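Residue strings, one per chain:
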Amino acid sequence: MKKIFLLLMIVTVSLSACAKDELYDAETFEKDSIDKEKDSKDGEKELSSNETSIENENTPSDDLSKEDDSNVETSTDEEAAEENSQDDSSKDDNKTETTEAEQEKIMAPDFSLTDRDGNEVSLEDYRGKILFLNFFTTWCKYCDQEMPEFQAAVEAYPDDLDFLLVDVFTQENVSVDDVYDWYDERDLTMDMVIDVDGELLRDYPIQAFPTTFFIDRDGSVLAYFPGAMTGDMIEQVIDEFK
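From a predicted model like this one, the values you see are computed outputs, not experimental measurements.

(A) Structural view of the overall build of the protein. In terms of regular secondary structure, the protein is built from seven helices and eight strands. Within the protein, contacts between residues separated by at least 24 positions form 74% of all contacts whose residues are at least 6 apart in sequence.

(B) Molecular detail of the pairing of strand β5 (residues 161-168). Among the eight residues of β5, seven are classified as buried, and the element is accordingly described as predominantly covered. Two elements, strand β4 (residues 130-136) and β5, share seven bridges in a ladder whose sense is parallel. For L133, the partnering residue across the bridge sits in β5 and is L164. Taken together, β4, helix α5 (residues 141-156) and β5 form a β-α-β motif whose crossover is right-handed. As defined by bridge partners, β5 adjoins strand β6 (residues 191-195) across five bridges and the pair is classed as parallel. Paired with V166 across the strands is V193, a residue of β6. Crossover handedness for the path β5 to helix α6 (residues 176-185) to β6: right-handed.

(C) Representation of the confidence of the model for the protein within the structure. Looking at the protein as a whole, its pLDDT mean stands at 77, while 61% of the residues score no less than 70. Segment residues 1-20 is flagged for pLDDT under 50; beyond a separation of four residues in sequence, or across chains, it makes 28 contacts in the model. Note on residues 64-75: pLDDT under 50 across the span, and zero contacts to partners over four residues away in sequence or across chains.

(D) Layout of the side chain of Q151. Tracing the chain through its elements places Q151 in helix α5. Q151 gets classed as buried once you look at its relative accessible area, which sits at 8%. A distance of 2.7 Å separates polar atoms of two side chains, one belonging to Q151 and the other to T189. Excluding residues within four positions of it along the chain, Q151 makes contact with D187, L188, T189 and M190.

(E) Fine view of the sheet that holds strand β1 (residues 24-25). The six strands are arranged β1-β8-β7-β4-β5-β6 in an open sheet whose pairing can be described as mixed. In this open sheet, the two edge strands, each paired with only one partner strand, are β1 and β6. Alignment of β1 against strand β8 (residues 221-226), held across two bridges, turns out to be antiparallel. For Y24, the partnering residue across the bridge sits in β8 and is Y224. Across the sheet, α6 lies against β4, β5 and β6, angled at about 155° from β6, the strand it touches most.

(F) The nonpolar core, seen in detail. Grouped together as the largest cluster of nonpolar side chains are 56 residues, with contacts concentrated most on F132, L133, F135, V166 and Y204. Elements that contribute at least two residues to this core include exactly β4, α5, β5, α6, β6, β7 (211-215), β8 and α7 (231-241). What V166 contacts, discounting residues up to four positions off in sequence, is F111, L113, L133, N134, F135, F136, V193, D195 and L200.

(G) Summary view of α6. All buried positions along α6 are accounted for by V179, Y180, W182 and Y183. Considered in projection along α6, the buried side chains sweep an arc of 155° and stay on one side of the axis. Facing away from the buried surface of α6 by more than 90 degrees, the exposed residues are D177 and E185. Its buried side turned inward, α6 meets β4, α5, β5 and β6. Backbone geometry just after α6 places D187 at a positive phi near 55°.

Reading the values: the criteria
Residues numbered from 1 in each chain as written. Predicted model: local features only at pLDDT ≥ 70, side-chain atom pairs only at ≥ 80, totals over all residues. Heavy atoms only, no water. Helix = DSSP H or I, 4+ residues; strand = E, 2+ residues; numbered from the N terminus. Contact = heavy atoms within 4.5 Å. Buried < 20%, exposed > 50% of the residue type's maximum accessible area, 1.4 Å probe, protein only. Pairing = 2+ DSSP bridges. Right-handed = clockwise from strand over helix to strand, strands pointing away. pLDDT = per-residue confidence, 0-100. Polar contact = N/O pair within 3.5 Å; in protein donor to acceptor, adjacent residues only side chain to side chain. Axes fitted to C-alpha atoms, helices over the stretch in contact; angles between N-to-C directions. Core = buried A, V, L, I, M, F, W, Y, C linked by side-chain atoms within 4.5 Å. Arc of directions from axis to C-beta.

Below, the structure written as structure tokens:
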């Protein structure tokens with residue numbers, strides 16, 4: 001895990017430097033999340049496939065038993081099909097309505113981390129306002145550059161939006177106290193939590209530091225941006241989503 005974090009550190013610095021000034025919408029968020037989850041499971045699937053192949057080689061076949069079972073299954077399937085045909089229309093209607101509703105809203109993965117005072121913090125705590133969910137590291141100069149812009153925005157729009165900063169540990173020589181010292185030196189007042197184990201990197205499509213996700217009042221994803229944000233960009237997001 002530590003090697004992965006160090007590799008991520010190298011890659012994300014270059015990505016942040018060349019990130020384009022464009023927002024990625026909620027559908028892109030969903031696609032990137034799925035792609036990231038798929039990549040992380042490729043190794044597990046390959047290992048599972050090899051184990052299954054070995055088990056099948058050691059399992060004797062029983063063709064006669066399979067033939068008898070198929071006759072019973074065929075009869076059972078016909079009866080079940082006839083019984084379920086009466087409800088097909090209503091089920092399809094309900095499924096269509098559910099699918100459309102799910103497509104309209106892509107919910108941000110919830111999480112719970114502990115703040116400086118030992119209080120648990122989750123996305124549920126920020127319902128009712130537009131939330132800027134910012135993932136950063138203390139060694140990232142682009143993260144440092146955007147912090148004053150965030151601080152100015154939260155002071156200018158206290159009733160419309162909130163900020164939650166999530167520091168992600170990627171270096172062995174950085175401690176929790178170091179992160180809090182970094183925070184205090186910049187006179188920041190935004191909420192901050194620390195993802196010591198890097199767990200949220202599995203739930204959010206983070207490919208660069210900083211990355212900011214814009215969460216609607218109901219907890220759904222509006223858009224996200226990989227890279228440092230300027231004051232003008234923050235104003236653009238506020239005007240578009242508030």
